[in-house]
Amino acid sequence: MALAGRIRSGISFFKTISVSPARSHLPGAPLIPALRDYATASAQKTGNVKVPVALVGESGNFASWLYIAAVKMNSLEKIESDLSELVEAMKTSPTFSQFTKDPSVPRETRLAAIVDVCDKAKFAEPTKNFLSLLAENGKLKNLDVIVKKFMQLTTAHRGDVKVLVTTVMPLPPAEEKELKETLQEIIGQGKKVTVEQKIDPSIYGGLIVEFQQKVLDMSIRTRAQQMERLLREPVDLSNL
């Protein structure tokens, strides 16, 4: 139960964290207004759509605008499926992956290729429009990051919570089960918790838990750094 105890000890930490809204300004970038228009192009009767998780940075903004458009067009699942298929194609085809990241490819060539891929794969029109915007503006190189952030939004939309747990070695099944149950208590019922493990020997021991842009760092590396800072602080002997 030691693992569950370490997680529970961080509950107050999670409650004190606030997430700032995403802010990114790109003066002169034509893609930004185009994406805003894309996200608001559907019927106004759908009302305002709020993203379930505030994302930061350029890729976070792109993912958020795509999410808003997808919800308004009632195409969230289809777009998610299309993008998952595209990312998988990038993994299995180094040539295609390199094509999306090569800045020397002319804009017209990028656009024509993406439209052709979308048509052959029978992607939804919103998916094709979004990818075309990225191709026209040289942003396909960020596609994998944008898709990852978009998936983060769709996961939150369904009420699922993806938790990244970093350890020095894989957790035994019993500890993983205990950790998942403890996180379920922290996050609350009604949401599905999915645990993804990451191995990082550089943390020396302990674990780091990340979810919903919150981080609970219980690694030995961080504790050692904190102890080092404490030992370096000057000692005030005036009150002795």
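A few points on the structure. (Residues numbered from 1 in each chain as written. Predicted model: local features only at pLDDT ≥ 70, side-chain atom pairs only at ≥ 80, totals over all residues. Heavy atoms only, no water.)

Quick word on the environment of Val56
What counts here: What counts as a helix is a DSSP run of H or I of at least four residues, what counts as a strand is a run of E of at least two, and both are numbered from the N terminus. Buried, partly exposed and exposed residues are distinguished by accessible area as a fraction of the type maximum, computed with a 1.4 Å probe on protein chains only: under 20%, between the cut-offs, and over 50%, respectively.
Tracing the sequence through the fold places Val56 in the loop between α3 (31–39) and α4 (57–72). Since its relative accessible area comes to 47%, Val56 is described here as partly exposed. The spatial distance from the C-alpha of Val56 to the C-alpha of Lys149 is 9.7 Å, given a sequence separation of 93 residues.

A closer look at the pattern of salt bridges
Quick note on the threshold: What makes a salt bridge here is a side-chain nitrogen of Lys or Arg within 4 Å of a carboxyl oxygen of Asp or Glu, nothing more.
In the structure shown here, the tally under the stated rule is 10 salt bridges. The partner of Glu58 in a salt bridge is Lys139, with the nearest N and O atoms 3.1 Å apart. Taken together, the positions of Glu58 in helix α4 and Lys139 in the loop between α8 (125–136) and α9 (143–157) put the pair 81 residues apart, joining distant regions of the chain. The exposure class of Glu58 is partly exposed, given its relative accessible area of 22%. Among the salt bridges present, the one from Glu196 reaches Lys162, with a minimum N-O distance of 2.8 Å. Taken together, the residues span a long stretch of sequence, with Glu196 in strand β2 (residues 192–199) and Lys162 in strand β1 (residues 160–167) at a distance of 34 residues. One salt-bridge network, in which partners are shared between bridges, spans Glu80, Arg158 and Asp160.

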